Amino acid sequence: MPDVVQERAGVRVLVCDPDGPPVATVQDALDLVGAAFLGAQVVAVPVSRLDEEFFSLGTRFAGEVMQKFVNYRLRLVVLGDMSRHLAASSALRALVHESNRADHVWFLPDFEALDARLRATA
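Residues numbered from 1 in each chain as written. Predicted model: local features only at pLDDT ≥ 70, side-chain atom pairs only at ≥ 80, totals over all residues. Heavy atoms only, no water.

J.: Could you clarify how one ought to interpret the packing of aromatic side chains in this entry?
T.: The geometry of an aromatic ring pair is captured by the separation of the ring centres together with the interplanar angle, meaning the angle of the planes. With the rule as written, the count across this model stands at three aromatic pairs. Consider the rings of Phe-54 and Phe-55, whose centres lie 5.2 Å apart with planes at 75°: the pair is edge-to-face. For Phe-54, a relative accessible area of 1% translates into the label buried. Residue classification places Phe-55 among the buried residues on the basis of a relative accessible area of 6%. Centroid distance Phe-54 to Phe-61: 6.3 Å. Interplanar angle 90°. Geometry classified as edge-to-face. (Phe/Tyr/Trp six-rings, centres within 6.5 Å; stacked < 30°, edge-to-face > 60°. Buried < 20%, exposed > 50% of the residue type's maximum accessible area, 1.4 Å probe, protein only.)

J.: Which parts of the structure should I look at to understand the nonpolar core?
T.: Buried together is how nonpolar side chains tend to be arranged in soluble globular proteins. Ranked by internal contacts, the top residues of the largest apolar core, which has 27 residues, are Val-43, Val-45, Phe-54, Phe-69, Leu-76, Val-78 and Met-82. Take this core: its biggest share by element is five residues, from helix α2 (residues 61-71). With near-sequence residues (within four places) excluded, Val-43 lies in contact with Leu-14, Cys-16, Leu-32, Ala-36, Phe-69, Arg-75, Leu-76 and Val-77. Membership of the second largest hydrophobic core comes to 11 residues, among which are Ala-44, Leu-79, Trp-106 and Leu-114. (Core = buried A, V, L, I, M, F, W, Y, C linked by side-chain atoms within 4.5 Å. Helix = DSSP H or I, 4+ residues; strand = E, 2+ residues; numbered from the N terminus. Contact = heavy atoms within 4.5 Å.)

J.: Is there a simple way to think about the sheet that holds strand β1 (residues 4-8) in this case?
T.: The mixed open sheet is built from five strands, whose spatial order is β1-β2-β3-β4-β5. Here the strands that pair on one side only, and so sit at the sheet edges, are β1 and β5 (105-108). Pairwise comparison of adjacent strand axes, ignoring direction, gives a mean angle of 25° for this sheet. Where strand β2 (residues 11-15) meets strand β3 (residues 42-46), three bridges bridge the pair, whose relative direction is parallel. Residue Val-15 lies in a different strand from β3, and its bridge partner there is Ala-44. (Pairing = 2+ DSSP bridges. Axes fitted to C-alpha atoms, helices over the stretch in contact; angles between N-to-C directions.)

J.: Would you explain the environment of Arg-93 in this entry?
T.: With respect to the helices and strands, Arg-93 occurs in helix α4 (residues 90-101). The exposure class of Arg-93 is partly exposed, given its relative accessible area of 40%. It is 20 Å that separates the C-alpha atoms of Arg-93 and Val-70, two residues lying 23 residues apart in sequence. Aside from chain neighbours lying at most four places away, what touches Arg-93 is Leu-86 and Ala-87.

J.: Looking at this structure, how should I read helix α1 (residues 26-36)?
T.: Since there are 3.6 residues in each turn of an α-helix, residues three or four apart along the chain are aligned in direction. What α1 keeps buried is the set Ala-29, Leu-32, Val-33 and Ala-36. Down the axis, α1 shows its buried residues gathered within 105° of arc, on one side only. Residues of α1 that are buried sit in contact with β2, β3 and α2. (Arc of directions from axis to C-beta.)

J.: Would you explain the environment of Arg-8 in this entry?
T.: Secondary-structure assignment places Arg-8 in strand β1. On a C-alpha basis, the gap between Arg-8 and Ala-116 in space is 9.6 Å, while along the polypeptide they are 108 residues apart. Contact partners of Arg-8, with chain neighbours within four places excluded, come to Val-13, Val-15, Phe-111, Leu-114, Asp-115 and Leu-118. In terms of polar contacts, Arg-8 uses its side chain to reach the side chain of Gln-6, at 2.8 Å. Only 2.8 Å separates the side chain of Arg-8 from the side chain of Asp-115, close enough to count as a polar contact. (Polar contact = N/O pair within 3.5 Å; in protein donor to acceptor, adjacent residues only side chain to side chain.)

So this is what it looks like as structure tokens:
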């Protein structure tokens, strides 16, 4: 399935295909930003699409990616099981906790959680 724009809880979301190209560079993230400009307000990226460096905060890759979405006023949602990454990094656990308290970047387990969060912010 290609990346597609869906309406979820009244919000247009670019749902990224889990088997799509990896997000391994800032340019890859900008490509998703560009795709979202076709009418999405939120970009939902599966954990499987994110390069391992995203989860290693010392690389600063996660911060660069997240900042691009903030700069373009798009919400980034990382979807899926991150337990392996969270178990390995207290800094990542703190980032996820703080991000989920704000409105720009969310780390959520599945589409049900995304839909509930979107309804709560509407």
